[in-house]
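For reference, the chains in residue letters:
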Amino acid sequence: LPVKGFSVKTDVISLLTDLVSIDSSNPGVGERNVAEYLASVCRDLGFETRILEAAPGRSNLLVSADAGSGSGVLGLSGHLDTKPVGDAENAWRTPPLDLTVQEGRAYGLGTSDMKGGIAAMVAATERWAARATEGRIELIFTADEEAGGALGARWLADQSLISADAIVIGEPSGVVDAWEAIYTVSRGMCCFDIVVEGVQGHSGLSDQLPMSATVAAAKVVSALHELNPSFSDAPDDAWKPTVNSAVLLEGGVFYGVHPGHARIGCDIRLVPGMSPHRLESEIRSCVESSLPEEIGWRLEYPIPALRWVDPVAVPNDHPVLSAASAAATKVLERDLHFRAYPGGTDATSFFLGAGIPSVASLGPGWLSVAHGPNECVDLGDVVLAVDLYAELIAQYFG
Ligand SMILES: [Zn+2]
């Protein structure tokens, strides 16, 4: 394996350096090399490891650090894959797979999303295991998160391969600043199309024809853009749905043709307290009121699996949140609020597939630098993450 010699009990930055140097881009080479490397590190630390693949090369790694039964199992989780460098190669100022430190920041592919969190979890588990007398940590390092997790978290959950009672995912908790919140809510998703049907004809007669389907579609797009779906249960204004009208848009035939057909693809990111029935009726009345009567339209769900993905939330009084809050207060010297995570994570699969309450994000780094060139993480935050996870584990097993 192309690694540079992380030796056990070395610092977390050496481990991060090695993890970044092993390409695990998705789509790309897959996760097997990085999983095998991490497994060997964890075996050297005395932990049990299992590599599990839903498809060849797409490795998930489960690590068990067992200090004695009776206190339950706490899961710490991160995804092994990264987005590919893609078209941004020329925009990188440093080699993406060669961790480069400049002014306290470590640059490299996957530093924030999320090999920094993974390195910190391994180091924190090592520190805990050296002195623990009870409890079990399960490290759940997944494949395929960047493509939806069908070969990773979703598969592990569906196959009942995870034994944790609760899970903390180390996705980056910063957008602008590091450690902005503890992200307890994973938003769900409702994806649908509005199909608009008018009358195709000669564009020179457009003033005598029904409204063109594409103009009608534009009216629908701006109406949905202003839609505020109703929801209940929000503890404060920290979470709300987002409406993305027209993530897809098609229609029209050619110059000279008055368009008779258009299709708009929309996605709404859901929060707890929304229902499919109520949301659909709000969408229908929004579309209805935006269009003249002569225009026909229908609502379709072209991808059944994305018709409704439930939002999930860890209850505010769950022991894993008490432990996370206490650890943040002590280590970061700040009280963190509970929020809804902007992006999708493996938490949804752990929750919906295996019923395991899962914190979507408590980890070093920034979501705002992920998936683009010059991704980086603050080295101090990676070191802080080791302290934070170690304290969280100690609090959890009390
Ligand atoms: Zn991620």
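From a predicted model like this one, the values you see are computed outputs, not experimental measurements.

1. Here we look at the packing of aromatic side chains
Counted under the stated rule, the structure contains four aromatic pairs. Relative to Tyr 255, the ring of Phe 254 lies with its centre 5.4 Å away and its plane at 70°, an arrangement referred to as edge-to-face. Of the two residues examined, Phe 254 and Tyr 255, each falls in the exposed class. Measuring from centroid to centroid gives 5.3 Å for Tyr 396 and Phe 397, while their planes differ by 80°, and the two rings are edge-to-face. Take Tyr 396: its relative accessible area is 18%, and that puts it in the buried class.

2. Focus: empty space enclosed by the protein
Across all of its chains, the model carries one cavity of 30 Å³ or more by this definition. The space that makes up the largest cavity amounts to roughly 30 Å³. Among the residues forming the lining of the largest cavity, the class breakdown is two nonpolar, two polar and four charged.

3. Description of the coordination of the zinc ion
For the zinc ion, every protein donor is listed as His 79 (NE2), Asp 113 (OD), Glu 171 (OE) and Glu 171 (OE), and the spread of their distances is 1.8 to 2.6 Å. Going along the chain, you hit the donors of the zinc ion in the pattern H-x33-D-x57-E. Here Glu 171 lies in the loop between strand 7 (166–169) and strand 8 (182–186) and Asp 113 lies in helix 3 (residues 111–129), a separation of 58 residues in the sequence.

4. Considerations on the pairing of strand 7
The side-chain alternation of strand 7 yields two buried faces, one formed by Ala 166 and Val 168 and the other by Ile 167 and Ile 169. Pairing analysis gives four bridges linking strand 3 (residues 73–79) to strand 7, with the strands arranged parallel. By the bridge assignment, Ser 77 is partnered in strand 7 with Ile 169. Two strands pair when backbone bridges link them, and strand 7 and strand 17 (residues 358–359) are joined in this way by two bridges, in the parallel orientation.

5. Examining the sheet that holds strand 18 (residues 376–378)
An order of 4-5-18 is seen for the three strands of this open sheet, with the pairing classed as antiparallel. Every other strand in the sheet has two partners, leaving strand 4 (100–102) and strand 18 as the edge strands with one partner each. This sheet shows a mean twist of 25° between the axes of neighbouring strands, independent of strand direction. Taken together, the three bridges between strand 5 (residues 105–107) and strand 18 define a ladder with antiparallel strand orientation.

6. A word on the packing of helix 1 (residues 12–21) against helix 3
One can describe the packing of helix 1 onto helix 3 by two numbers: an axis separation of 9 Å at closest approach and a directional angle of 135°. In terms of orientation, helix 1 and helix 3 fall into the oblique class. The element helix 1 and its partner helix 3 pack so that their crossing is right-handed. Residues Val 12, Leu 15, Leu 16, Leu 19 and Val 20 of helix 1 form the contact with helix 3, whose participating residues are Thr 111, Lys 115, Gly 116, Ile 118, Ala 119, Ala 120, Val 122 and Ala 123. Across the contact of helix 1 with helix 3, the residue classes tally to 10 nonpolar, two polar and one charged.

7. Comments concerning the pattern of salt bridges
Between side chains of opposite charge, a pair can form when the charged atoms approach closely. Scanning the model with the defined rule gives 12 salt bridges in all. The partner of Arg 298 in a salt bridge is Glu 197, with the nearest N and O atoms 3.0 Å apart. Here Glu 197 lies in strand 9 (residues 188–197) and Arg 298 lies in strand 14 (residues 296–300), a separation of 101 residues in the sequence. Two residues, Asp 267 and Arg 269, come together in a salt bridge whose shortest N-O distance is 3.1 Å. Overall, the relative accessible area of 10% leaves Asp 267 in the buried class. Given the relative accessible area of 24%, Arg 269 is considered partly exposed. One network of salt bridges, in which partners are shared, links Asp 193, Glu 197, Arg 263, Arg 298 and Glu 300.

Parameters and conventions
In every chain, residue numbers begin from 1 and rise along the written sequence. For this predicted model, a pLDDT threshold of at least 70 governs which residues receive local features, and a threshold of 80 or more governs which side-chain atom pairs are given and counted, while totals over whole chains, interfaces and linings are taken from all residues. With hydrogens and water set aside, each side-chain value is computed from the structure's full complement of heavy atoms. We call Phe, Tyr and Trp rings a pair once their centres come within 6.5 Å, taking the six-membered ring for Trp, and we label the pair stacked below 30 degrees between planes, edge-to-face above 60, and tilted otherwise. Summary of the burial criterion: residues with accessible area below 20% of their type's maximum are buried, those above 50% are exposed, and those between are partly exposed, where the area comes from a 1.4 Å probe applied to protein chains only. In this analysis the probe radius is 1.4 Å and the grid spacing 1 Å, with only protein atoms considered; a cavity is a set of points the probe fits into but cannot get out of, a pocket is an open set with protein on both sides within 12 Å along at least five of seven lines, and lining residues have an atom within 4 Å of a point. Grid points are joined across faces, edges and corners, and a volume is the space filled by probe spheres set on the points. Note that Gly is not counted as nonpolar here; it falls among the polar residues with everything else outside the nonpolar set of Ala, Val, Leu, Ile, Met, Phe, Trp, Tyr, Cys and Pro and the charged set of Asp, Glu, Lys and Arg. Because water is not among the atoms used, a metal site may look incomplete, as its donors are only the N, O and S atoms within 2.8 Å, or 3.2 Å for Na, K and Ca. Where helices and strands are cited, they refer to DSSP runs of H or I of at least four residues and of E of at least two residues respectively, numbered from the N terminus. If DSSP finds at least two bridges between two strands, the strands pair. Simply put, an axis is a line fit to the C-alpha atoms, just over the touching stretch for a helix, and the angle between two N-to-C directions goes from 0 to 180 degrees. If an angle is under 35 degrees, it is roughly parallel; if it is over 145, roughly antiparallel; if it lies from 65 to 115, roughly perpendicular; otherwise it is oblique. Each crossing gets its hand from how the near helix is turned against the far one by less than a right angle, where anticlockwise is left-handed and clockwise is right-handed. Contact between two residues is taken to exist if any of their heavy atoms lie within 4.5 Å; hydrogens are not considered. We count a salt bridge whenever a side-chain nitrogen from Lys or Arg sits within 4 Å of a carboxyl oxygen from Asp or Glu.

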